[in-house]
Structure formats: structure tokens, C-alpha cells
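# Close look at the chain arrangement
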Amino acid sequence: MSRELLVVQRARKSFQTGKTKPLEYRIHQLKNLLRFLSERRSDIADAVKRDLGKSAHGTELFETLGLEGEINLAIEKLAEWAAPRPVEKSLLTIFDEVYIQPEPLGVMLIIGTWNYPWAITLQPLVGAIAAGNAAVIKPSEVSSHSAKVMEELLPQYLDKDLYPVVTGGVPETQELLKQRFDHIFYTGSSTVGKLVMAAAAPHLTPVTLELGGKSPCYIDKNCDIRVACRRITWGKFVNCGQTCIAPDFILCEPSIQSQVVEEIKKCIKEFYTDNPETFEDYGRIINQRHFKRLMALMEGSTVAVGGNSDESQCYIAPTVLKDVTEESEVMKEEIFGPLLPIITVSGVDEAIQFINEREKPLVIYIFSHDNKLIKKVIAETSSGALLANDCLVHYTVSALPFGGVGNSGMGCYHGRHSFDQLSHLRSCLIKQLKMEGVNSMRYPPHTAKKLGWARFLLKQVNMCRLRRMALEALLPFYVKHD
Amino acid sequence: MKSIFQLDKPAVSRLCLQFQRLFVVLKLSMERQAVQRAKEAFLSGRTRPLEFRLQQLHALQRMITEKEAEISTALKQDINRSQYDTPLLELIGIENEIKLALEKLAVWAAPRPVERNLLTISDEVYIQPEPLGLVLIIGAWNYPWAVTLQPLVGAIAAGNAAVVKPSELSEHSSLLLRALLPRYLDKDLYPVVTGGVSETQELLRLRFDHVFYTGSSTVGKLVMAAAARHLTPVTLELGGKSPCYIDKDCDIRIACRRITWGKFVNCGQTCIAPDFILCEPCIQGRVVECIRQTLLEFYGADPKCSPDYGRIINQHHFSRVMGLMEGYTPVVGGQSDASQRYIAPTVLKDVPPHSRLMQEEIFGPLLPIVTVSDMDDAIRFVNEREKPLALYIFCSDKKATKRMIEETSSGGVTVNDVMMHYTLSSLPFGGVGESGMGHYHGKHTFDQLSHQRACLVRSLRMENVNLARYPPQDRRRARRVQMALRSPMIDMSKRTFIWAVTATIIGLGLYL
């Protein structure tokens, strides 16, 4: 029996005891998770520094801050999220209890990734715990220090049977994917996403796939280019470009290309100093393989800013490439690194066409003062999300569902969306064994008269409208009384 | 060259085979053509305006109203559906869905503003529902119109194109749909593709933006595997054995009337039919008697002669269902007539849990009774098996009922009746685990077949606010950002409103 099989069995057995059902238990686990993040802040920061060269402040800002927010939100709102949700009735069910009851699904599998090893692995866990599930956590082996810290320390805070951490590489993940889960939450590449879904199919396991793609960034020539470029520069080079929602490439008119290049150059200098290599807040590429991949992507394109690198450190300078075309290497795959190509287009129409010829991305960025233009891009394109005049920050609004569409993924999460995604929303109709006469219209032997009654009773009733009508009908009586 | 009449037998069969292959190739490429045309029609953008979608929905409504007689006839030929059961079980449901979509479409399709945090307090933050693109709807044969057209209503409302693949087992309905739909709806956007396994497999090789499948769990797995190749999301409305627990202290007569109706409607061929009964041994006899009496009332002494009693869809299923009964003597019914694919409404008692009857979804007019010692035993029984599409509980004790709901899981639950949760479009209809994934009906169909796109529209002003996030990072800046990001807890709508009203009242008071 494999280790993975045993872990899943233990998690399932533990789930079946019913101990995750009471909300108090879930809140207790969530509070422990919060304690973990604050007590082990330095261990986490240290691990991320070793994995990605990120500074402690960067880790706090981009990993733990968001997580703490999600946990606090879940703790505050759990009673509301988990409560029965009454829904509109029909005439036939007017005296019945009709509601949707959120329930745990069972045992989940969370497969994390390496670029934000804590945020991406633990945010789904927050939703899983809140929804009353057990969860097997599989952090990415590529961010190996974070994986190790998670494996060692998380069991000291969370129930180790319900929320086990399983580390390992491809064989361990494949072994896990052979087991049966009630939901699989995967973050990573589209290629592996297909394999995850294919592995889930024989068990009819629903999946949430947070994938990637090339997120385009269109800059309107009439906007405030200086501010636009500041925000784009920040969004692009955070975590050394290794962000699923980083602006992958820029689309703009030829007339503003040089201005865009200049502004980005200035911002890079302002954010990362003249020598980003020695600057604390500038990260590194995760490993040699990705370093080499990125260096190869640069081939054939003109470097306008940066371009230097140091293989021994997996360092690539913040780089801007100009006069890039569709055929360039750098446009053939998601960059996931600090290379920012600029492709020129004749205007927003050509930009829209360019975007629509490709797979639906995780996010589309558009920089413009013109609200009509923004609305046009929204109406004529499709993407996981759309953010106008900034980068990345839609991720922080927990009321917005975070996820992709088409090749960039399926399902969504954050805030209440995580809870709903990882619950089963069970339809409940509680009737009485009285008023059997009403049912006679559905029983055979059938007649036309019975059918007429059926039609009438099966109509949906707008309760608000009924109440208003009732109030309006009664109003004259109150007035008369005065 | 020889003429065809001069060819010998082997040569003729070779020629026939070649024609057959050519036909298959041409036919298969017809699926591709239909899909291609639908995609192009979608990309033309004509499904975007709500007026277009409303117009198509109106047309669909007209089709149902104008062609009710033809649809009834097709169903009679497919499954011996009674004239009244057709509107009752299929058409009223579709009509209600269309009416709801017509009434609510503007609301459903509008941007949905969401709660902001301090950082986004002056921004536009909303969810914009959008069409996915091209949806594949694979229907089933038991309610061929309802399970094929109800998803179509949602697909049209959400602005998608849709390839409709009705089940070949309900042949008359399938051919009628193929003839009718293009006469009412846009024939490029909503093509009907008929055929069997090979046509369905061909369709599943192609790329869709969503696949909506109703049918068995076995095929559901294949559909999901095919969809995985294209990262296509799926809605799978599958089946299972829906248990029906009767508490000994409830009104057994009424319980049995309702169960009898739900079980034998459409000759038991309903995904949410009560598959089997769980009850204590002391009431088993009474349950059998009540069902017997109800059957007499509904279908007369000889259900074969009742116009309201259906037939099994085909020989294969007839043999399958008959096979399930082997070795057991029914206490009610048991008669059959293979020439008519007729199986009498049948009840079997004291059925052992390991019997064949209890191993697969019956989908026929056999109602096994399995005895359990009490409700806890029943809960255990249900939980030992795959999560069903529906759970039925007949019980007057509210607390006990709530306990059974809490300690089990299923797609949906109806207490003190069967199947009725299906009729409420406000309830999401779907399974969990082996009984399916995703759900639909009413707004849920619209949402399921839309992409809920997160939109955040900021302004290029107030750049100072952003300073805290730019490198170089330091503790002070990080704290400022923390503050801005930590307030998703501010319920902007309610508290701000209360604050504003209070402030206004105070202000007015001071002024006056």
C-alpha cells in the first residue's frame, strides 16, 4: 500500500467521524492556521527567500497578507456562509420549507505551485476548512524549502489526519491522482491541468483548475502613460515576473512605443535601483531549467532595457523587448519571467483582434481614460478577469471570483467563492404529509381539468410582488381606519 | 468495366462496404461542419444583444405551444407516454423555464456589483456574466424534450451557441426535434445533430466551451475524459439509486400514494425516481398494501390497458430490468409482455442488500423494499453507498428529518414527497459524487453556462495611494497596505447606508 493511499484513507476516515461538521471546529482550525502564519513568519520568509530570492517584506505583502485576510473573512462570515439559504417558492410549495443547504464535499486534494508557494497552496485550504472538508495538501517540490517547512510545521497547528501534507515530485503526485477525491484543486500549467482533469474523470471528481496563459496589456495612446507604466512595471517584475496574472506582454500603437520603453526604464530604476542584482526586493528565477527557458525566449528579439543575466544566481534583469512580432519566440508561450515584450498594433480594434485570435487569458489589462473604450474591450473579448488601469490588484478583492476561462482554467475562488466552490449546495424541499388533495392533479387517471390545475400551481411565485400586492390591497383599510 | 448487375456477390458486398464507409465519413464530417458553422455564427457576435436571445426564446416557446400534439405523438411512439403526462412532465417545465428566462434575462445578464475593500473604494467592481461560446448538449431518452431543451434555454439565455444532440434511443423525438428546431431557431447557432455512439464520439473529439451531459455515470466518465483534452468544463447530470426512507410513525397511506406516483411515472424511467424503499419490518406489510391500493386507483386492475401507464424504452432495457428480478417473487405485479415491452408495476419485499436489484440503478417499474432496524440503520445504509441524485424521507418528526439530512449527502432532498424539488427553478438541480457535477434550472442554468468575469475598473489618478506597494519595501509601507487590504469586512452597502442615513437625520435635526 502506498503512502499516498494510506494518507487519503486516514483523511477520509477522519472526515467520516463527522468532526469537521460543527462550525466551532472549523473556526478553531482556521484560528490555528492564523497562528501558524504569525508565529512562523520568519520560517516562512526564510523558506521563500531560499526558494525565490524574495525579501521578507515581499513575502508578507504577497503571500501572508492575503492569506490572513482570507482567514479572517472566513472566520467572520462562516456562520452566514454555512447557513441554509432560503429560495423563492412556487404556488405549489408556498407552505413548504425550500432552501439550499451548503455541505462539505468530503476529502479534497490541493495541488500547489511554486511561484507563491504559501498563498496558492493555503488559500484553497482556507476554503476547504471553512466548507468542512478534509484536504490533502501537495505543495510544489520546485519550491522545495517552502514544501519542507510546510510538511514539518503545518501538522503542529492543524489536525494532521484531516489536513496532511504530502511532499514529493511527479511520481508522488501521480500516485495521489490515482486515489479518489471529492474535489481536486490544482494550480499550475494548462498542460498538467489537462492531465489532472483526465485523472479526475474516472472517479467523476469535480475540479478547479487555476491555470495560466499570456495576459495581454493594452495601453491606449491617450492615457497617462507615466502612471500606466509605473503600475505595469510593478505588476510585471514583482516576483521576477513569475506571477500567473502578471502582464505578459504589452500592446500599444507604434507612436507611443518609445515613450513606454522610457517610462518603464525609469520605473525599473526607481523600484530596483541601477543594479537590481544586488537589490533586496528583486527576486530570482526559481531554478536553472526556467532560467534557460527564459534566456531562450529572448532570442531573436531586440532588447530595449535590461537583458543581462547571471546563470549562477538564476538572475535575469528586468528586461523590455521591443518590436516584437507574433512569430517571436517570446510570444509562443507564457513567459513567467522578467521579460516584457512590446507588440505594436494600429489601435484598440487590432488589439482586440490580436487577443481574440489567441486562447482566453487569465486576465486582460487595459490602460485608458476612455470608459467607452474600456467597455468595448470588455464586450468584445473574454478572459478570466479584466482589470482597467492597474495590474494584479483584482486578486485582493475577495468578493471577486478569481479564476480562468477556457485554457486559463475552470472554477474560481477567493472569499465566499472558495467556500461555495468546495461545498455541495444541496437543494432541500421539506413538505408535509397534509393537503394531499392538491396532489390529485398529478395522479392518474389523467384528465384535462387536472392538467389545468397543474399548470396553474407549477407557476413560480414572486414572493416580493405578492407581498407588495397584499400590502397595497390592505392599505385602503388602514387609511379608512384613520 | 462490369455493370453492377454483372458483379458477383463478394464484389457487391465490398462495394456496399465502401459506400457505407464513405457515408460514415461524409456523415462524420457533417458533425464537424455543424460545429464549425455554429462557432462562426457565435463569433459573428449576434447572440450578444439581449433582444436576439429573447427573440430566440420566444421562438422556442412558440415551438412548444404550436407543436405540442406532434411532440405528444412522438413520445407516445417512443415510450408510450400518456397524452397528459407529456405536458405535465416535460412541456410545462420547459415553458416555465422559458418564461422565467424571458422575464429575468435583463437582470441575469447585467453587471453584478460586489463588495469593495478600502483600496478599491472609488472603483467600479463587478462581475460581468458573459457567454462561454459553443455548448454541446447531450440529451437522454427518458424525458427527451425536457432534458435536452431545458439546458438549451439556459444556453440561449447566456448568449451561447449550442449543438444539440438528442438521444437516439428516443428515436421519434430525436427526429422530430431535428425537423422542428431549425424551423424556429437560428439554424446555424443551434444545430441538431442526431445519431448514435459514433456520432457522439465524433462530437466529443471536437472542442467546445462547455459540455452538458445527461445520462449514466459510466458514460459521464467518458464525457469528462474527452472534455479534459480540451480543458472544457462539464455539467454532468447522472443517476444513481435514490433511496426512499419511510418512518414508521408517519402517515403511511399518503406517503405510499406519493411514492407510487413518483416511482411508476414514465414506467420508472426517471433519474430522480425513488429507486428503493427503506423501512422497518413492522410496517413493510402496510407499505405493500398501500402501494397495491394506490396502483389500483391510478392504473386500474390491468395497468397494461391504462392509457397513463408507459412502456420500457427498448428491448435491451426490458431484458435488463427483467433480469434484475430474477430469483425474486414480487408481492405486487411481476407480469410482463416482451412484445409490448410492458412490465407491470412491481413491488418486491425483504430484498437483500447484496441482490442484483440493489447493485445498479433500476430505471424501471420495480420497487424493492429493504428493511432496516431504524433511522440510524437507514442513514448507515445510505452512507455506505454512492451519493444519490435524490434522497427521500417520509417522516413527521422534524428533528429526526433534519438529522437524516445532516448525516447524509445527495444531490437534492425532498421530504414527505418525491421528485418535487425538480419543479422549483430556484433550487439548483444536480448531483454530487457519482450522481453528477454542476447543476441547472432557472438562473442556475444561466450562471452555469456563462463565464462570471471579474471586472475591476480603476482610474489612473490617485497614484499616491499606490506608493505603499512599490519597492523598495519597508515596514511602514507594508502596514499601510495591510490597512487598505484588510477591510473586505466593511460591508459597504449596509453599514455605509445606515451611517449615511443617521448622519443625514442628525444633520437635518441640527439644521432644523
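In every chain, residue numbers begin from 1 and rise along the written sequence. Here the convention is simple: chains get letters from A, ligands get numbers from 1, in the order in which they are written. Side-chain atom pairs in this predicted model are given and counted only at pLDDT of 80 or more, local residue features only at pLDDT of at least 70, and totals for whole chains, interfaces and linings cover all residues. No hydrogens and no water enter the side-chain calculation; it runs on all heavy atoms of the structure.

### Some thoughts on the UniProt feature "active site" (unreviewed entry) in chain B
Residues and elements named next belong to chain B. Here the UniProt feature "active site" (unreviewed entry) sits at E237 and C271. What stands out for the annotated residues spanning 35 residues is how close their C-alpha atoms remain, the widest pair being 8.9 Å apart. Think of it this way: any DSSP run of H or I at least four residues long counts as a helix, any run of E at least two long counts as a strand, and we number them from the N terminus. Positionally, E237 belongs in strand β6 (residues 234-237). According to the relative accessible area criterion, E237 is buried, its value standing at 4%. Pairs of residues are marked as contacts when any of their non-hydrogen atoms sit within 4.5 Å. With near-sequence residues (within four places) excluded, E237 lies in contact with F212, Y213, T214, G215, F429, G430, S435, G438, H439 and Y440. Tracing the sequence through the fold places C271 in the loop between α9 (252-264) and β8 (276-279). Ignoring sequence-local partners within four residues, the contact set of C271 consists of N142, L238, S242, E361, F363 and L389. UniProt positions are given in the numbering used here, feature names are shortened, and annotations may be inferred rather than shown by experiment. Whether a residue is buried, partly exposed or exposed follows from its accessible area with a 1.4 Å probe, protein chains only, as a fraction of its type maximum: under 20%, in between, or over 50%, in that order.

### Observations regarding the interface of chain B and chain A
Listed by partner, the interface residues are 111 residues for chain B and 113 residues for chain A. Here the quantity called buried area is the total loss of accessible area, with a 1.4 Å probe, experienced by two parts when brought into contact, counted for both. Taking both partners together, chain B and chain A bury about 9,400 Å²; carbon and sulfur atoms supply 58% of that area. On the chain B side of the contact with chain A, B:L231, B:R453 and B:L460 bury the most area, a combined 9% of that side's loss. Within this document, salt bridges are pairs made up of a side-chain nitrogen of Lys or Arg and a carboxyl oxygen of Asp or Glu, the two lying within 4 Å of each other. Here chain B is connected to chain A by 14 salt bridges. Between B:E463 and A:R231 there is a salt bridge, and its shortest N-O distance comes to 2.7 Å. Side-chain atoms alone can form a polar contact between residues adjacent in sequence; in general such a contact is a pair of N or O atoms within 3.5 Å, and within protein one must be able to donate a hydrogen while the other accepts it. Our enumeration of links across chain B and chain A arrives at 50 residue pairs in polar contact (both at pLDDT 80 or more). Split into classes, the residues belonging to the side of chain B that touches chain A amount to 50 nonpolar, 28 polar and 33 charged. Strands were regarded as paired on the criterion that DSSP finds at least two bridges between them. Sheet topology note: the strand β15 (residues 385-388) of chain A/strand β16 (residues 450-457) of chain B ladder contains four bridges and is parallel. Nonpolar residues are Ala, Val, Leu, Ile, Met, Phe, Trp, Tyr, Cys and Pro. Charged residues are Asp, Glu, Lys and Arg, and all others, Gly as well, are polar.

### Examining unusual backbone geometry
Residue and element names in this part refer to chain A. Residue P445 is bonded to the preceding P444 through a cis peptide linkage, with omega at -5 degrees. Within the chain, N389 stands out as a residue other than glycine whose phi angle is a positive 70 degrees. The phi dihedral of H414 falls on the positive side, at around 100 degrees, and the residue is not glycine. For H414, the location among the structural elements is in the loop between β16 (409-410) and α14 (416-421).

### A look at the sheet that holds β6(B)
The mixed open sheet is built from five strands, whose spatial order is β4-β3-β5-β6-β15 (chain B). With partners counted over all chains shown, the strands left at the sheet margins are β4 (161-165) and β15 (436-437) of chain B, one partner each.

### As for the pairing of strand β14 (residues 412-415) of chain B
Burial along β14(B) is two-sided: B:G412 and B:T414 and B:V413 and B:V415, pointing in opposite directions, are all buried. Here strand β17 (residues 423-430) of chain A pairs with β14(B) via four bridges, running parallel. Paired with A:I430 across the two strands is B:V415, which belongs to β14(B). Two elements, strand β13 (residues 390-394) of chain B and β14(B), share four bridges in a ladder whose sense is parallel. Note on β14(B): the bridge partner recorded for B:A390 is B:G412. Here, the term right-handed applies to a crossover whose path from the first strand over the helix to the second runs clockwise when the strands point away from the viewer. Following the backbone out of β13(B), through helix α13 (residues 398-406) of chain B and into the adjacent parallel β14(B), one traces a crossover that is right-handed.

### A short note on the UniProt feature "domain: Aldehyde dehydrogenase" (unreviewed entry) in chain A
As recorded in UniProt, the feature "domain: Aldehyde dehydrogenase" (unreviewed entry) lies at residues 8-426 of chain A. Between the end C-alpha atoms of residues 8-426 of chain A there is a gap of 25 Å, over a span that is 42% helix and 17% strand.

### Considering a nonpolar patch on the surface
Patch membership is restricted to residues that have no salt bridge and whose relative accessible area is over 30%. Joining uses 9 Å for like charges and 5 Å for the nonpolar side chains Val, Leu, Ile, Met, Phe, Trp and Tyr. Values of accessible area rely on a 1.4 Å probe in the Shrake-Rupley scheme; residue burial ignores everything except the protein chains shown. A contiguous nonpolar surface patch, about 330 Å² in accessible area, is contributed by A:F95, A:M435 and A:V438. Locating A:F95 in the fold gives a position in the loop between β1 (85-86) and β2 (97-104).

### Examining the UniProt feature "active site" (unreviewed entry) in chain A
All names here are of chain A. UniProt tags E210 and C244 as "active site" (unreviewed entry). Residue E210 is classed as buried on the basis of its relative accessible area of 3%. With respect to the secondary-structure elements, C244 resides in the loop between α9 (225-237) and β8 (249-252). When sequence neighbours within four positions are dropped, the list of residues in contact with C244 reads N115, L211, S215, E334, F336, L362 and F402.

### Thoughts on the sheet that holds strand β2 (residues 124-131) of chain B
Spatially, the ten strands line up as an open sheet ordered β9(A)-β12(A)-β13(A)-β8(A)-β7(A)-β14(A)-β15(A)-β16(B)-β2(B)-β1(B), and their pairing is mixed. The outermost strands of the open sheet, each flanked by one partner alone, are β9 (302-305) of chain A together with β1 (112-113) of chain B. For β1(B) and β2(B), the ladder comprises two bridges, and the chain directions are antiparallel. Within β2(B), the residue paired with B:P113 across the bridge is B:Y126. Throughout, an axis means a line fitted to C-alpha atoms (over the contacting stretch in the case of helices), and angles, computed between N-to-C directions, take values from 0 to 180 degrees. The sheet strands contacting helix α10 (residues 254-272) of chain A are β7 (216-219), β8, β9, β12 (319-322) and β13 (339-344) of chain A, and the helix crosses β13(A) at an angle near 165 degrees.

### Observations regarding the pattern of salt bridges
Taken as a whole, this structure holds 63 salt bridges over all chains when the rule is applied. B:K398 is paired through a salt bridge with A:E97; the nearest N and O atoms lie 3.2 Å apart. Separated into two different chains, B:K398 in helix α13 and A:E97 in strand β2 make up a pair that spans both. Exposure remark for B:K398: the relative accessible area of 54% places this residue in the exposed category. Judged by its relative accessible area of 26%, A:E97 is partly exposed. As a salt-bridge pair, B:R320 and B:E360 come within 3.0 Å of each other at their nearest N and O atoms. With B:R320 in helix α11 (residues 315-325) and B:E360 in the loop between β11 (346-348) and β12 (366-371), this residue pair connects regions lying 40 residues apart in the sequence.

### A few points about the confidence of the model for chain B
Values of pLDDT, which run from 0 to 100, indicate the predictor's confidence residue by residue. The predicted model of chain B averages 91 in pLDDT, with 90% of residues at 70 or higher. Low pLDDT, under 50, characterises residues 488-494 of chain B; the stretch is placed with 16 contacts to residues that sit more than four places away or in other chains.

### As for the state of the cysteines
Note that a disulfide, as used here, is simply two cysteine sulfur atoms within 2.5 Å. Scanning the model with the defined rule gives zero disulfides over all chains in all. No disulfide involves B:C267; its sulfur sits 14 Å from that of B:C305, the nearest cysteine.

### A short note on the packing of helix α8 (residues 190-200) of chain A against helix α8 (residues 217-228) of chain B
As a packed pair, α8(A) and α8(B) sit with axes 8 Å apart at the nearest point and diverge in direction by 175 degrees. Accordingly, the angle class assigned to the pair α8(A) and α8(B) is roughly antiparallel. Contact residues: α8(A) offers A:K194, A:M197, A:A198 and A:A200, while α8(B) offers B:M224, B:A227 and B:A228. Class assignment for the residues of the contact of α8(A) with α8(B) results in six nonpolar, no polar and one charged. Roughly parallel refers to an angle under 35 degrees, roughly antiparallel to one over 145, roughly perpendicular to one between 65 and 115, and oblique to any angle outside these ranges.

### Considering the UniProt feature "domain: Aldehyde dehydrogenase" (unreviewed entry) in chain B
UniProt marks residues 33-452 of chain B with the feature "domain: Aldehyde dehydrogenase" (unreviewed entry), using the numbering shown here. Taken as a whole, residues 33-452 of chain B contains 43% helix and 15% strand, while its terminal C-alpha atoms sit 29 Å from one another.

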